[in-house]
Amino acid sequence: MAQERLQKYLSECSVASRRKAEELIKAGKVRVNGVVAQLGDKVDPKKDTVTVFGKKVVKVKKNTYIMLHKPRGFITTLSDEMGRKCVAQLVED
């Protein structure tokens, strides 16, 4: 049984930070299998159904990290109003 703390699970699902998830739990906005969750509850993501504000929470895919050696002539930003070459252009695909 792979149980984890509810606030950690909500954080990994991009619902809220762990601290904000604790606030949502305390406010009664989180349910596990239809029952209002309490701080300290644990969930098994494979078996339990978690909802926040009545909407089912689904774990997002793992993040992909890219290590990039920035070549000379590119600036470190995602967009540039001056039309210079940005590192985002190197990883568009």
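Look a little higher up for the structure.
## A word on the sheet that holds strand 2 (residues 30-32)
Point 1. The sheet built from four strands is open, its strands ordered 3-2-5-6 with antiparallel pairing. Because the sheet does not close on itself, it has two edges, and the strands there are strand 3 (35-36) and strand 6 (55-56).
Point 2. Pairing of strand 2 with strand 3 involves two bridges; the strand directions are antiparallel. What sits directly across from Arg31, in strand 3, is Val36.

## Details of the pattern of salt bridges
Point 1. Inspection of every chain in the model, using the stated rule, returns seven salt bridges.
Point 2. Each member of the salt-bridge network shares a partner with another, and the members are Glu4, Lys8, Glu12 and Lys59.

## Section: the environment of Leu68
Point 1. With respect to the helices and strands, Leu68 occurs in the segment after strand 6.
Point 2. Residues Leu68 and Ser11, 57 residues apart in the sequence, show an inter-C-alpha distance of 27 Å.

## Regarding the nonpolar core
Point 1. Residues Leu6, Leu10, Val30, Val50 and Val57 are the most contacted members of the largest nonpolar core, which totals 15 residues.
Point 2. Broken down by secondary-structure element, the contributors of at least two residues to this core are helix 1 (6-12), helix 2 (18-26), strand 2 and strand 5 (50-52).

## Here's the deal with unusual backbone geometry
Point 1. In this structure, Asn33 takes a positive phi of about 55 degrees despite not being glycine.
Point 2. Looking at where Asn33 falls in the secondary structure, it is placed in the loop between strand 2 and strand 3.
Point 3. The phi dihedral of Phe53 is positive, around 55 degrees, even though this residue is not glycine.
Point 4. Tracing the backbone shows Phe53 in the loop between strand 5 and strand 6.
Point 5. On the accessibility criterion, Phe53 (57% relative accessible area) is exposed.

Rules of the game
Residues numbered from 1 in each chain as written. Predicted model: local features only at pLDDT ≥ 70, side-chain atom pairs only at ≥ 80, totals over all residues. Heavy atoms only, no water. Pairing = 2+ DSSP bridges. Helix = DSSP H or I, 4+ residues; strand = E, 2+ residues; numbered from the N terminus. Salt bridge = Lys/Arg side-chain N within 4 Å of Asp/Glu carboxyl O. Core = buried A, V, L, I, M, F, W, Y, C linked by side-chain atoms within 4.5 Å. Buried < 20%, exposed > 50% of the residue type's maximum accessible area, 1.4 Å probe, protein only.

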